[in-house]
Structures are given as structure tokens and as C-alpha cells.
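# Structural overview for review
Take a look at the letters that make up each chain.
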Amino acid sequence: MFDELIGNSRVKAVLKRMLVADRLPGALLFTGEEGIGKKLFALEIARALNCRTPKDHEACGVCSSCVRIRKLNYTTRDDADEWTQIIWTDHPDVGLVVAPKRVLRVEQMRQIEKEANFRPFEGKARVFLIDEADKLNDASANALLKVLEEPPRTSYLILITARPAMLLPTILSRCQMIRFSPLAPAEIETHLVKNDIDKKTARLRARAAGGSMGRALSGDLVTFTSQRKAMLKVLNALVLSEDRAQLLRSAEQLNEAQYKDEFEERLDVLETLIRDAWMLSLGVDTSRIVNEDLSTELKEIAQKINPGRAGDWILQIEDLREQLIVNVNKKVTTDSLFLVMAGDVAAGKRPKVR
Ligand SMILES: [Zn+2]
């Protein structure tokens, strides 16, 4: 039942059409940010294909197949070898593989190849999810290609990734790509309220989540609040005082080991703060900004912000993000990002952060 899943109505319509026409491709690639429900959609497809009492080509949600496909049996052991096995649902025809560490391994793809060649044991289709497909290396991607080239008619592979650009063209060309959109803050908020989170917290979480339900549910508000405080300092230094020393301190802090995992989150936060101040400077109502609860501070910044430069800052952050994909030195790039933002580089052509 697709209507139980949140958001992405366009994706629902596309998948539904494929199911109704009995034209679901043997290899699908689900792309889109982390935490927006790609895996749940993939499992929903597996349920629709194996449901015993389907309703209008969708899973009924209550038959024993539907119920068992909902549950993935992740190992509780930390041993990497355990994680190289297919993680089966309670249904013998539906399973998932994840990268045990940094890469998806060749033997995992061989297991999928072997299993995909069996006819369904119980249901009508075998469905294999490959999570974090961007973690395929050349060897495992080549092993997977063998199945992708000639998938048995009753087997389906669903690759899932937030970083499709990391996949080999040979893989991309053999999968039909389905793009998922970030969820709207209102969609997230409604869901959180339905799950007994109070309205005020739900609103803050929904806005901090950047379109990801995963982040809205697991995100830690204490961390978010402290990230916001630190990034507000950066924005203040940029706008109010042009305080270079403070900026370099902030750049340094951003690179400190304890914040390493938060690096990109912090950039996201900085970006929403800049956007908010920019919008306020253009006279947009406070109810439409992300960090509504900081509107006093942001209004003060908005009075002094130069809208043209705010636009540049956002582009510069986007540039930095692109560079992070190819793993440049974070320290150097952050220092230069902040200095470029502070206007150390001559105005005119948009400077490249290096
Ligand atoms: Zn069912």
C-alpha cells in the first residue's frame, strides 16, 4: 500500500504504473538523499509482487507474505563476515545486502547472482535490495553486471544509493533510475505529530531534517542546536563584523576531529541560516524561514546582509560540497571557503574555492 509511505507521490505513480502494466524492470536504481524512504519503497515493491491478496496491484499489507517482507533480519553481531551474508526478510524470496565496511564485496554479488537464478521458493518473485550501491568497487560492480545483463524473469534487483554519480556507467545504463525527492517539512511534521511527538518539537525536527525522515527521527536536537549556534557565529562574523580571526577559528573548529562526521551537516546548517537571513532581507515573512525560532538574531543579520553576496556564499558552499565528493583536503578548503566568503578574493567573477 503505497499510501502508507510518506511523500514522493510522483514515484508512487511511476511504480504503480509499472506494476499495473506488469512492466517492472528487472533492475531498478533508487536515488535520492539518505533517510527519505527508498528502502521502504523497495520493500513495498517486493510486497506488491509477492502479496497473496493484492488490491489493485498493490500489497494488501496484512497477508502473511506482506507481514513477513516488512521485517529485515539484520545480524546483531559486529563481525564483518556476518554482514557479508544476504540479510533475509522473514520471507524466503526477499533479501538485502549492505556494505560490511567501506565496500560491497564480490562474494556478496556472487551470492545474489546465485540466489537470483533460483525460481521463487514461495512467492511469485525474488527481490534483492542492494543498499549503498555507491560502495560497489570495480570488482564487485563487474560481478553484479553478470546478473544485471540477464536477470532471470522472476528476479528483481533494486539498487539504492544517495550518490548515483559514484556508480560505473555500465551499471547505470542497465538500471532504470527512479529519483526520490526530499520530503517537505510539512510532510515530516505531520508524520512526527502522528507518532506522538509534540507539535513544537516536531516543527523544529522537521525543519532541521533537510527533507530526510531518517534525520528527523534520529537527529539529535542537542547536536543540531549546538551546530546552529556555531554556524550562527560564522554568519555573524561574516556579516556584522567581518571578523577574520573568528572566521578562521570557526573553520578550524569545523575541521576538528570531534566534528568530522558533522562536517557536512554543519555546512547544511550554515546554508539554511544564510538562506533565511537572505529571505528576511528581501522581506519574506518569518513563518516561511527554516530557523523561525532564531528570527530575532537572523533579522539583525538580514539588515546588514548584502543579497548579492548571500547568493554567492550559497554557491561557494555548493562548490565546496562538490569538491568534498572527490575528497579534497577539508581543512584547506574550509579555510579558503570562509576567506572567500569574507571577501578576501577580489569581487567580480565568482571565485572557485580551492
Ligand atoms: Zn498481502
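The paragraphs below set out a description of the structure included in this document. Bear in mind the structure is a predicted one, so any value in this text is a computation, not a measurement. (Residues numbered from 1 in each chain as written. Predicted model: local features only at pLDDT ≥ 70, side-chain atom pairs only at ≥ 80, totals over all residues. Heavy atoms only, no water.)

## Digging into helix α11 (residues 244–255)
The end-to-end C-alpha distance of α11 is 17 Å, a good match for the 16 Å that 12 residues give at a rise of 1.5 Å each. Every buried residue of α11 is listed here: Gln246, Leu247, Ser250, Ala251, Leu254 and Asn255. (Helix = DSSP H or I, 4+ residues; strand = E, 2+ residues; numbered from the N terminus. Expected span 1.5 Å × (residues − 1). Buried < 20%, exposed > 50% of the residue type's maximum accessible area, 1.4 Å probe, protein only.)

## Observations regarding the coordination of the zinc ion
The coordination sphere of the zinc ion contains the protein donors Cys51 (SG), Cys60 (SG), Cys63 (SG) and Cys66 (SG), at a distance range of 2.2 to 2.3 Å. Around the zinc ion, the 4 donor atoms sit at angles spanning 102 to 117 degrees, and that spread fits a shape best called tetrahedral. (Donors = N, O, S within 2.8 Å, 3.2 Å for Na, K, Ca; no water. Tetrahedral: all angles 85-135°; square planar, octahedral: opposite > 155°, others 65-115°.)

## Quick look at the side chain of asparagine 8
You can see asparagine 8 is positioned in the segment before α1 (9–20). Within polar-contact distance, the side chain of asparagine 8 engages the backbone nitrogen of serine 181 at 2.7 Å. Once you skip the residues sitting within four places of it in the chain, asparagine 8 turns out to touch Ile36, Phe41, Phe180, Ser181 and Leu183. (Polar contact = N/O pair within 3.5 Å; in protein donor to acceptor, adjacent residues only side chain to side chain. Contact = heavy atoms within 4.5 Å.)

## So, the sheet that holds strand β5 (residues 155–161)
The 6 strands are arranged β2-β3-β4-β5-β1-β6 in an open sheet whose pairing can be described as mixed. Sheet topology places β2 (87–88) and β6 (176–179) at the edges, where each strand pairs with a single neighbour. Relative to β5, strand β4 (residues 126–130) is paired through 5 bridges, and the arrangement is parallel. Of the residues in β5, the one forming a bridge with phenylalanine 128 is leucine 157. Contacts from helix α2 (residues 38–50) reach β1 (27–31), β3 (94–97), β4 and β5, with the element oriented near 170 degrees to β5. (Pairing = 2+ DSSP bridges. Axes fitted to C-alpha atoms, helices over the stretch in contact; angles between N-to-C directions.)

## Some remarks on the environment of asparagine 8
When its relative accessible area of 8% is taken as the criterion, asparagine 8 is described as buried. Spatially, the C-alpha atoms of asparagine 8 and glycine 37 are 9.1 Å apart, while their sequence positions differ by 29 residues.

## Details of the packing of aromatic side chains
Throughout the structure, instances matching the rule amount to 5 aromatic pairs. Aromatic side chains phenylalanine 2 and phenylalanine 41 sit 6.3 Å apart centroid to centroid with 25 degrees between the ring planes, which places their arrangement in the stacked category. Within this pair, whereas phenylalanine 2 is found in the segment before α1, its partner phenylalanine 41 is found in helix α2, the two being separated by 39 residues in sequence. Under the relative-accessibility criterion, phenylalanine 2 is labelled buried at 4%. Here phenylalanine 41 falls in the buried class, since its relative accessible area comes to 1%. (Phe/Tyr/Trp six-rings, centres within 6.5 Å; stacked < 30°, edge-to-face > 60°.)

## Brief notes about the pairing of β3
On β3, burial covers both faces: Val94 and Leu96 on one face and Gly95 and Val97 on the other are all buried. Between β2 and β3, which pair antiparallel one after the other, the connecting turn spans 5 residues. Strand direction decides the pairing type here: β3 and β4, joined by 4 bridges, are parallel. Within β4, the residue paired with leucine 96 across the bridge is leucine 129. Handedness of the β3-helix α4 (residues 106–116)-β4 crossover: right-handed. (Right-handed = clockwise from strand over helix to strand, strands pointing away.)

## Re the pattern of salt bridges
In total, this model carries 19 salt bridges according to the counting rule given. With a closest N to O distance of 3.2 Å, aspartate 131 and lysine 39 form a salt bridge. With aspartate 131 in the loop between β4 and α5 (138–149) and lysine 39 in helix α2, this pair connects stretches of sequence that are 92 residues apart. Taking the relative accessible area as the measure of exposure, aspartate 131 reaches 11% and is therefore buried. The partner of arginine 228 in a salt bridge is aspartate 293, and the shortest N-O contact between them spans 2.7 Å. With arginine 228 in helix α10 (residues 221–241) and aspartate 293 in the loop between α12 (263–281) and α13 (295–304), this pair connects stretches of sequence that are 65 residues apart. Among the residues examined, aspartate 293 registers a relative accessible area of 45% and is labelled partly exposed. The structure contains a network of salt bridges with shared partners spanning Glu189, Lys199, Arg203 and Glu292. (Salt bridge = Lys/Arg side-chain N within 4 Å of Asp/Glu carboxyl O.)

Coordinates in, geometry out; function isn't part of it.
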